[in-house]
Amino acid sequence: MRVPFFDMASELAAVRADVDAAIARVLDSGTFIGGPEVTAFERELATHVGAAHAIGVSSGTDALLATFMAMGIGPGDEVVTTPFTFFSTAGSAARLGARVVFADIDDTLCLDPVAALAACSDRTKAIVTVNMFGYPAALPIGAPCPLVEDSAHSLSSPRGLVATYSFFPTKNLGALGDAGAVVTNDAALADRITLLRTHGARPKYHHVALGGNFRLDAIQAAILRAKLGHLTAWTESRRSHAAHYRALFAATKIPVELPADHPDHAYHQFTIRAPRRDALRVHLAERGVQTEVYYPEPLHQQAMFDGGTFARAEAAALTVVSLPIHPALGDAARETVVQRIAEFYR
Ligand SMILES: *Cc1c(COP(=O)(O)O)cnc(C)c1O
């Protein structure tokens, strides 16, 4: 039995009629950037996640970039974050000339709040946590600066100043192209991001701030509206897949470490830590079970960052492997995955 890592075809098939209708509506409207579809999506998204404001933007990366710009982050400032994340969490701050200060992760694979606080200085303008793989990261209590949550994996309600989402097609809520959003309860920040999204123009062609083109396409907003109504059910499927994986692993003596659990876990990924990880992946691939490694190289070891030693992030990069957990995954597929892993360690 083949077990694909993603199943975009089934996910799309489940919503195809609504997506076709959404696209047709935009084609008939003649408005392709911004406009009523974007406004309606922002309202529906804010309601769904329980935030006062949602601002649709061009990608998860631009959501972070626009947020850091709106916070006035630039040269001379520091941003504390985890080295175990996708590049743009840190890259977006570095692009503005800020210094990225890494702090190590904890057992949940999220930024360790104690290490994050210890990494703060009087130049720190933000701590950026990542709700890694959907796990709600522990928050640094008493931080001397605002908290930004990179919630690309969880689409959770902002617990700090602001949260950012990505609607990259394979994320829990995927567009059919690039898209993202910023959500916040802070009206002034929401207004600033809205301004920066269109080159800081207010009114049109009168530029009062240096922004960029961070706009969301109407067609993506309409598609996201069609899919948003399914998100709760899809998340429930992911959680039930995770519970089934846990039960299957518990019935074996496989020497892998299961992901930390939490009632609010969005299970964007089900990421285990496995001895002889790379050989395990080859074994699985040869038997039709697709896996992925997020992320194979911690950011502090990437060419454009400062280096340093973050032992837990480095160990995670060498041992993590994400198993298929897309909503359409069937019982037999999960059993196959665990059986094939058991064979490898037998
Ligand atoms: C996907 C992702 C992003 C960036 O989102 P894009 O929409 O691809 O720009 C940022 N942070 C994390 C943790 C991500 O997984």
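The sections below set out a description of the structure shown in this document. (Residues numbered from 1 in each chain as written. Predicted model: local features only at pLDDT ≥ 70, side-chain atom pairs only at ≥ 80, totals over all residues. Heavy atoms only, no water.)

## Here we look at the packing of aromatic side chains
Then step 1. Counted according to the given criterion, the structure contains 15 aromatic pairs.
Then step 2. The interplanar angle of 40° and the centroid separation of 6.4 Å between the aromatic rings of Tyr 245 and Phe 249 together place this pair among those described as tilted. Of this pair, Tyr 245 and Phe 249 both sit in helix 9 (residues 231-250), four residues apart, which is roughly one turn of that helix.
Then step 3. An aromatic cluster of three or more residues is present, and its members are Phe 5, Phe 6, Phe 84, Phe 133, Tyr 294 and Tyr 295. (Phe/Tyr/Trp six-rings, centres within 6.5 Å; stacked < 30°, edge-to-face > 60°. Helix = DSSP H or I, 4+ residues; strand = E, 2+ residues; numbered from the N terminus.)

## What to know about unusual backbone geometry
Then step 1. The step from Arg 202 to Pro 203 runs through a cis peptide bond, and the omega angle for that step is -5°.
Then step 2. Among the secondary structure elements, Pro 203 is positioned in the loop between helix 7 (187-197) and helix 8 (218-228).
Then step 3. The amide bond that connects Tyr 294 to the next residue, Tyr 295, takes the cis arrangement and shows omega of 5°.
Then step 4. Tracing the sequence through the fold places Tyr 295 in the loop between helix 10 (277-286) and helix 11 (311-319).
Then step 5. Positive phi values are uncommon outside glycine, yet Phe 133 reaches one of about 65°.
Then step 6. Within the secondary structure layout, Phe 133 lies in the loop between strand 4 (124-130) and strand 5 (147-150).
Then step 7. The exposure class of Phe 133 is buried, given its relative accessible area of 4%. (Buried < 20%, exposed > 50% of the residue type's maximum accessible area, 1.4 Å probe, protein only.)

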